[in-house]
Amino acid sequence: ISLNIYQKSFMSSQMIVVSPSSLVAWVKGKRLEKGLSQAELAASAGVPQPTISNFERGKINITLETLYKLLPVLGLTLAVVDLHEKAADEKTPEW
């Protein structure tokens, strides 16, 4: 199973998350693209700002609960894809 993160408005724009660092890069990139500070993202998502800072620096792994709070603020949603249903050349490495 891999995680796909989709932009809500453009379902064709997706990111296949293959590692914790790729998730961090995607979330941070979206935050910066939207012009949000860590404090603004944290306030909008209802999480402490240090959580965002530590996550972006790779100091902590956030919970799925926190991820589900962050994604809507960034205009993103999460999908889980069964790798066994994908073609062999499309498989992504496991964590």
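Residues numbered from 1 in each chain as written. Predicted model: local features only at pLDDT ≥ 70, side-chain atom pairs only at ≥ 80, totals over all residues. Heavy atoms only, no water.

1. Some points on the packing of helix H2 (residues 38-45) against helix H3 (residues 49-56)
Packed helices, taken two at a time, are described by the angle between their axes plus the distance between the axes.
Here is step 1: Following both chains from N to C, one finds H2 and H3 inclined at 120 degrees, their axes separated by 8 Å at the closest point. On the basis of their axis angle, the class for H2 and H3 is oblique. Considering how the two elements wind past one another, H2 and H3 form a crossing that is right-handed. Taken together, the residues of H3 that come into contact with H2 (itself represented by Gln38, Ala39, Leu41 and Ala42) are Gln49, Ile52, Ser53 and Glu56. (Axes fitted to C-alpha atoms, helices over the stretch in contact; angles between N-to-C directions. Helix = DSSP H or I, 4+ residues; strand = E, 2+ residues; numbered from the N terminus. Parallel < 35°, antiparallel > 145°, perpendicular 65-115°, else oblique. Left-handed = near helix turned anticlockwise from the far one by under 90°. Contact = heavy atoms within 4.5 Å.)

2. Notes on the pattern of salt bridges
One side chain can pair with another of opposite charge once the charged atoms of both are near each other.
Here is step 1: If you walk through the whole model with that rule in mind, you get three salt bridges.
Here is step 2: Its salt-bridge partner being Lys30, residue Glu33 comes within 3.0 Å of it at the nearest N-O pair. Note that Glu33 and Lys30 are positioned in helix H1 (residues 20-33) at a spacing of three residues, about one turn of the helix.
Here is step 3: On the basis of relative accessibility, which here comes to 5%, the residue Lys30 falls in the buried class.
Here is step 4: Between Glu65 and Lys69 there is a salt bridge, with the nearest N and O atoms lying 3.9 Å from each other. With Glu65 and Lys69 both in helix H4 (residues 64-73), this residue pair falls four residues apart, about one helical turn. (Salt bridge = Lys/Arg side-chain N within 4 Å of Asp/Glu carboxyl O. Buried < 20%, exposed > 50% of the residue type's maximum accessible area, 1.4 Å probe, protein only.)

3. A few points about the nonpolar core
Here is step 1: Of all hydrophobic cores here, the largest spans 18 residues; its most connected members are Leu23, Val27, Val47, Ile52, Phe55, Leu67 and Leu70.
Here is step 2: For this core, the secondary-structure elements that each account for two or more residues are H1, H2, H3, H4 and strand E3 (76-81).
Here is step 3: A per-element tally of this core places H1 first, with four residues.
Here is step 4: Aside from chain neighbours lying at most four places away, what touches Phe55 is Leu23, Val24, Val27, Ile60 and Ile62. (Core = buried A, V, L, I, M, F, W, Y, C linked by side-chain atoms within 4.5 Å.)

4. Remarks on the packing of H2 against H4
Here is step 1: Close contact between H2 and H4 brings their axes to 9 Å; oriented N to C, the two are set at 110 degrees. Between H2 and H4, the interaxial angle falls into the category roughly perpendicular. Residues Leu41, Ser44 and Ala45 of H2 pack against Lys69, Leu70 and Val73 of H4.
Here is step 2: For the contact of H2 with H4, the residue count by class is four nonpolar, one polar and one charged. (Nonpolar A, V, L, I, M, F, W, Y, C, P; charged D, E, K, R; others polar.)

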